[in-house]
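The primary structure of each chain is shown beneath.
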Amino acid sequence: MAEPFALLLTVYGGDRADHVREAFHSSVDAQTRRPDQVILVQDGPVSAVLADCLARLTEESPVPVTFLPLEHNGGLGLALDAGLAASRYDVVARMDADDIAMPHRFAVQLPVIERGADLVGAGMLEFGTGREDIVGSRTPVSDPEHIARYARLHDPFNHPTIVYRRTAVLAAGGYGDMPLMEDYWLFARMIASGAKVVNLPEPLVYYRVGEGAYERRGGLTLLRAELRLQGELRRSGFTTLAQYLRNVSVRGAYRLTPSWIRRPMYRRYVAPRGAGARTPVEETSER
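Residues numbered from 1 in each chain as written. Predicted model: local features only at pLDDT ≥ 70, side-chain atom pairs only at ≥ 80, totals over all residues. Heavy atoms only, no water.

J.: What is the right way to look at unusual backbone geometry in this model?
T.: Residues apart from glycine generally show negative phi values, whereas peptide bonds are mostly found in trans. Here the phi dihedral of Leu 180 falls at roughly 75°; this positive angle occurs in a residue that is not glycine. Mapped onto the elements of the fold, Leu 180 is located in the loop between helix H6 (166–171) and helix H7 (182–192). (Helix = DSSP H or I, 4+ residues; strand = E, 2+ residues; numbered from the N terminus.)

Written out as structure tokens, the structure is:
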């Protein structure tokens, strides 16, 4: 039996109106199975151009939109928690404001949720200037046992592709305040709490790799976020001491690698072949 679901999309001042418009239309108007509610979270002040775009999308949407403007930019995790609280339905699909959903995305993922999964991820195709400019793919691990094992070192899910049950997310404590690492932290806690997780290797989202993407994957800010995450994973018992030391050394070193080295490493070892051939560190949703 088909279950109603909500689409959760967050926007902040750094997003481009044309990208937001394309993301919205691809995940609502163009879907063969449309959401029953769109939760559009504005995370802090935005430009007049972007504000006008959000107003038009809300007014012209073919499905009801719950527009949730937040006074201050508190970060992705807190914005997503606010959006989850506004959902009318237990099933919620994530969408980033600069990516593009394939038309059959929800028609493929929702039946998996309806058969008993708590969280369903999928693969992505990375693109540059347009959808025809495919620069790589990110294929997640799909074996359930491998997901749990893989999660001790890497984020096992592509966050922009996720569909989950709100009850399972809330049972794990929600996203919380873990800037730049909120998705990995949530998924680790969901796995630890026994949530039924599934990954579909099929790409269902076009993931935009824009200017500055490789720079944002490194630097001192990311290193500090990485160390905080690894500390929490260790304190919660999700990782062992040996795994913690490995993660800090491997993932920490990657964060400090200059972008001119990080970019060819990512393009050669991560993007072309997906999870089966990744470098020692996996990318998290760092926008």
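J.: In this structure, what is going on with the packing of H7 against helix H8 (residues 220–235)? I would like to understand it.
T.: Axes are the key here: two packed helices are described by the angle between their axes and the distance separating the axes. Interhelical geometry of H7 versus H8 gives an angle of 10° and a closest axis separation of 10 Å. In terms of orientation, H7 lies roughly parallel with respect to H8. Side by side, H7 and H8 meet where Tyr 184, Trp 185 and Ala 188 of the first sit next to Leu 229, Glu 232 and Leu 233 of the second. In terms of residue class, the contact of H7 with H8 is built from five nonpolar, no polar and one charged. (Axes fitted to C-alpha atoms, helices over the stretch in contact; angles between N-to-C directions. Parallel < 35°, antiparallel > 145°, perpendicular 65-115°, else oblique. Contact = heavy atoms within 4.5 Å. Nonpolar A, V, L, I, M, F, W, Y, C, P; charged D, E, K, R; others polar.)

J.: It is not clear to me how the environment of Gly 77 should be interpreted in this structure. Could you clarify?
T.: By the secondary structure assignment, Gly 77 is in helix H3 (residues 76–85). A residue is classified by how much of its surface remains accessible, and Gly 77, at 3% relative accessible area, is buried. Between the C-alpha atom of Gly 77 and that of Asp 183, which follows or precedes it by 106 residues, the distance is 7.7 Å. Once residues within four sequence positions are removed from consideration, Gly 77 is found in contact with Tyr 175, Gly 176 and Glu 182. (Buried < 20%, exposed > 50% of the residue type's maximum accessible area, 1.4 Å probe, protein only.)

J.: Mind showing me how you'd approach the pattern of salt bridges here?
T.: Side chains that carry opposite charge are capable of pairing whenever their charged atoms lie near each other. Scanning all chains against the criterion turns up 13 salt bridges. Arg 251 is the partner of Glu 226 in a salt bridge, and the nearest nitrogen-oxygen pair spans 2.7 Å. Separated by 25 residues along the polypeptide, Glu 226 in helix H8 and Arg 251 in helix H9 (residues 241–256) bring together distant segments of the chain. With its nearest N and O atoms 3.1 Å apart, the salt bridge here joins Glu 226 to Arg 255. In this pair, Glu 226 is assigned in helix H8 and Arg 255 in helix H9, connecting sequence segments 29 residues apart. When sorted by exposure, Glu 226 lands in the same class as Arg 255, which is buried. (Salt bridge = Lys/Arg side-chain N within 4 Å of Asp/Glu carboxyl O.)

J.: Mind showing me how you'd approach the nonpolar core here?
T.: Leu 8, Leu 119, Phe 157, Tyr 164, Leu 186 and Met 190 are the most contacted members of the largest nonpolar core, which has 36 residues in total. Those elements giving two or more residues to this core turn out to be strand E1 (5–12), strand E2 (37–43), H3, helix H5 (144–150), H6, H7 and H8. Considering every element that reaches this core, the biggest residue donor is H7, with seven residues. With sequence-adjacent residues up to four places away left out, Met 190 is seen in contact with Asp 118, Leu 119, Ala 168, Val 169, Ala 172 and Ala 195. Core analysis: the second largest hydrophobic core is formed by 34 residues, Leu 7, Val 38, Met 95 and Val 163 among them. (Core = buried A, V, L, I, M, F, W, Y, C linked by side-chain atoms within 4.5 Å.)

J.: Sorry, what's going on with the side chain of His 159 here?
T.: Positionally, His 159 belongs in the loop between H5 and strand E8 (163–165). Taking relative accessible area as the criterion, His 159 reaches 1% and is therefore assigned buried.

J.: It is not clear to me how the environment of Ala 122 should be interpreted in this structure. Could you clarify?
T.: Along the chain, the position of Ala 122 falls in strand E6 (residues 119–127). Counting along the chain gives 83 residues from Ala 122 to Val 205, while the straight-line C-alpha distance between them is 8.0 Å.

J.: What is the right way to look at the packing of aromatic side chains in this model?
T.: The relative placement of two aromatic rings is captured by the distance of their centres and the angle of their planes. The full count for this structure, using the stated rule, is four aromatic pairs. The interplanar angle of 65° and the centroid separation of 5.1 Å between the aromatic rings of Phe 5 and Phe 106 together place this pair among those described as edge-to-face. Of this pair, Phe 5 sits in strand E1 while Phe 106 sits in helix H4 (residues 105–114), and the two are 101 residues apart along the sequence. Among the residues examined, Phe 5 registers a relative accessible area of 0% and is labelled buried. Each ring, one from Phe 127 and one from Tyr 206, has its centre 6.4 Å from the other, and the planes form 85°; the classification is edge-to-face. (Phe/Tyr/Trp six-rings, centres within 6.5 Å; stacked < 30°, edge-to-face > 60°.)

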